[in-house]
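So the chains spell out like this:
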2 protein chains.
Amino acid sequence: MRRLKTIGIATLSISLATAALADGHVTEDVAKAMNARNAHMQLYSFYLGPLSAMVKEEAPYDASVAGAAASNLAALAGMDQYGYWVEGSDASIEGSRAKAEIWTDGEGFAASQMALTEAAVALSSAAGTDLDALKAGFGNVGKACGACHEAYRAPRE
Amino acid sequence: MRRLKTIGIATLSISLATAALADGHVTEDVAKAMNARNAHMQLYSFYLGPLSAMVKEEAPYDASVAGAAASNLAALAGMDQYGYWVEGSDASIEGSRAKAEIWTDGEGFAASQMALTEAAVALSSAAGTDLDALKAGFGNVGKACGACHEAYRAPRE
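Quick summary incoming for the structure in this document. Please read all numbers here as calculations on a predicted model, not as lab measurements.

**Thoughts on the environment of A:Val30**
All names here are of chain A.
So, point 1. Here Val-30 shows up in helix H2 (residues 28-55).
So, point 2. Assessed through its relative accessible area of 6%, Val-30 is described here as buried.
So, point 3. Separated by 57 residues in sequence, Val-30 and Glu-87 place their C-alpha atoms 7.8 Å apart.
So, point 4. Sequence-distant contacts of Val-30, defined by excluding residues within four places in its chain, comprise Val-86, Glu-87, Gly-88, Ser-89 and Ile-93.

What follows is the structure, encoded as C-alpha cells:
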C-alpha cells in the first residue's frame, strides 16, 4: 500500500508541473526542470526499494540485485544537477516543495548533495558483500537523504 | 511546441501506467518498472535537449553545459537496467511500447544498450571540447537511440 502511494505521489508531482505549465503559471523551462528532478527522485526511490526490503529482511538478501541497485544509486547521485534547480521553481509554485534555501544557501545545498554522493558510492562498494555491509551503507544513504530533505524540502501540505 | 509535446507524452506514459495499475490490469511491480523506465527515458530527453539545441545551432555552444549534460547521459546509459524490463510489461498493456523482442532477443537488446553506453561515454569525452566534436559525438548517440527504438520499441498508436 505504501508503495502504491509512492507511485501516486510521483505521478501527481509530474502532473502538477504539467498542469501549472498549461495554466501559464510557470515557464516551459521551469516545468521541464521540475519534471526532470521529479524523475530523478523517482529513480532514487525505485533503486532504494529493493535495498530497503533487504535491509528490513522483508526480502532475501541478493548480492547481485543489491550491487546493481546500489551502483545505479551511485550513478544517479553522481550526476551534475545543474539543470534541476532553476530560478522560479521553488515551493511558491504548484507541485514544488523546493525551499528557498536551495538558492540562498547554494553552498550548503551542494555539500548536502555531495554527502549523498559519498554515501551512495560507499554503499555501492558495500552492498554486494553481505547483508551487514548493506545495512550499514544503506543507513548512511538514508541519513544523507533525510538531512537534505529536512533542510531543503518543504513539508507536504 | 515540440518540447511541450514531449513533456505531455512523458506525463501521459506515467499516468497510463498508474491508471493501468488502478484498473488492476498490471501488477504493482510492472507499474513500478514502467514508471521507472519512463523516468529514465525522460532524463535522457532532458539532457539531450540542450545538446540538440547546440548541435542545431539554435543555442550558443557552451562547453560547460555540454560537458555536464553529456556526462549525465553517460551516467544514465551506464546504469544497469535489470529492473526495467520485467515480464508482462510489453506493448500488449496500456502505456507500454516495449516490443516482445526485448524478451525474445535479450542478447540483441543488451548489445543495443551497450552501443548507447559506448556512444554516450565517447560523447562525454568530446562534448566539452568544441562544437564540431559535440556534433560528431551527438550524431552517434542519436544513431544508437534510433537503432534501439527501431528494433525494440513499437510505433506510437
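Continuing now.
**Some thoughts on the pattern of salt bridges**
Residues and elements named next belong to chain A.
So, point 1. Going through the model one piece at a time under the given rule, you end up with two salt bridges over all chains.
So, point 2. Across the salt bridge formed by Lys-135 and Glu-57, the nearest N and O atoms sit 2.5 Å from each other. Here Lys-135, found in helix H6 (residues 131-152), pairs with Glu-57, found in the loop between H2 and helix H3 (63-77); they are 78 residues apart in sequence, far enough to count as distant.
So, point 3. Exposure remark for Glu-57: the relative accessible area of 53% places this residue in the exposed category.

**As for the side chain of B:Gln113**
Residue and element names in this part refer to chain B.
So, point 1. Structurally, Gln-113 is set in helix H5 (residues 106-126).
So, point 2. For Gln-113, a relative accessible area of 17% corresponds to the buried category.
So, point 3. Ignoring anything within four residues of it in the chain, the contact list for Gln-113 reads Tyr-44, Ala-77, Met-79 and Gln-81.

Analysis parameters
- Residues numbered from 1 in each chain as written.
- Chains lettered and ligands numbered in written order.
- Predicted model: local features only at pLDDT ≥ 70, side-chain atom pairs only at ≥ 80, totals over all residues.
- Heavy atoms only, no water.
- Helix = DSSP H or I, 4+ residues; strand = E, 2+ residues; numbered from the N terminus.
- Buried < 20%, exposed > 50% of the residue type's maximum accessible area, 1.4 Å probe, protein only.
- Contact = heavy atoms within 4.5 Å.
- Salt bridge = Lys/Arg side-chain N within 4 Å of Asp/Glu carboxyl O.

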